[in-house]
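So you can see what is in the structure, the chains are spelled out below.
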Amino acid sequence: MLRRSAVISSILAVLTALVLLTVPGLSASAHSALVSSTPEDGASLTTMPATVTLEFNENIQQQGTQVIVADHADVAHPVTPQVHGPTVNASIPGGLPPGLVHVRYRVVSADGHPITGEISFTVEGGPTSAPTTGGNVAPAVPAPTANPTPADGDGSTTMMYVLSGVAAVIIVVGGIVVFLSGRRRR
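Residues numbered from 1 in each chain as written. Predicted model: local features only at pLDDT ≥ 70, side-chain atom pairs only at ≥ 80, totals over all residues. Heavy atoms only, no water.

*Asks:* I'm lost on the environment of V103 in this one. Help?
*Replies:* Take V103: it is sitting in strand β8 (residues 99–109). The buried category is assigned to V103, whose relative accessible area is 0%. The sequence separation of V103 and S120 amounts to 17 residues, and the corresponding C-alpha distance is 5.9 Å. In this structure V103 touches V52, V67, I68, G117, E118, I119 and F121, once residues within four positions along its chain are discounted. (Helix = DSSP H or I, 4+ residues; strand = E, 2+ residues; numbered from the N terminus. Buried < 20%, exposed > 50% of the residue type's maximum accessible area, 1.4 Å probe, protein only. Contact = heavy atoms within 4.5 Å.)

*Asks:* Is there a simple way to explain the sheet that holds strand β3 (residues 51–56) in this structure?
*Replies:* Each strand in a sheet pairs with another by means of backbone hydrogen bonds, the pair being arranged parallel or else antiparallel. Pairing is antiparallel across the open sheet formed by four strands, whose spatial order is β1-β3-β7-β6. The open sheet has two edge strands, β1 (34–38) and β6 (82–84), and neither has a second partner. Here the average twist between neighbouring strands, direction ignored, is 20 degrees. By the bridge criterion, four bridges tie β1 to β3 in an arrangement that is antiparallel. If you follow L34 over to β3, its bridge partner there is F56. (Pairing = 2+ DSSP bridges. Axes fitted to C-alpha atoms, helices over the stretch in contact; angles between N-to-C directions.)

*Asks:* Which parts of the structure should I look at to understand the environment of T46?
*Replies:* Secondary-structure assignment places T46 in the loop between β2 (44–45) and β3. Residue classification places T46 among the exposed positions, given a relative accessible area of 61%. Residues contacting T46, with those up to four places away along its chain left out, are V123 and E124.

*Asks:* Where do I start with the pattern of salt bridges in this structure?
*Replies:* Oppositely charged side chains are able to pair whenever their charged atoms sit close together. Applying the stated criterion across every chain yields a total of two salt bridges. In this structure, E118 and R104 form a salt bridge, with 3.1 Å as the shortest nitrogen-oxygen distance. Of the two residues, E118 is situated in strand β9 (residues 114–123) and R104 in strand β8; the sequence distance between them amounts to 14 residues. Members of the salt-bridge network, linked through shared partners, are D74, R104 and E118. (Salt bridge = Lys/Arg side-chain N within 4 Å of Asp/Glu carboxyl O.)

In structure tokens, the structure reads:
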């Protein structure tokens, strides 16, 4: 018959192994994140920049990457982004009026997960927010709303690892209980 301390040590060893196998998977589920932009988010400028640059912490895929520039009236101006490793460049459309400018992006990280977000900046000499009264200004193209979520997107990958770890622990502990109860009967 096994001693109680040997059983407890065996259970702790199995649980430690399961944790060590699950934790690397959790850190691998991290995705791209925006680390800087030019112009900076919240910047106040005197002239409209010609381009916007988004810098991410890892390479971005060209396919699936979208950038939309929206003016103070929230009129969307889709642009064609250029991806160079972790850098996404997009030209600001000519004739964009001064005021609050939103740059909404959807990029695809190196591991295939989409990342969405938004930066904004103000160009002096114009409105700083969308009109709130029922004036004559109406967006020609509704600007998509960006969800500035962390890089994990919907979190399904992390949840998969957590549930797999919990299931593995339950199976191992159940197996140990069955094994020990069978030995006690003899």
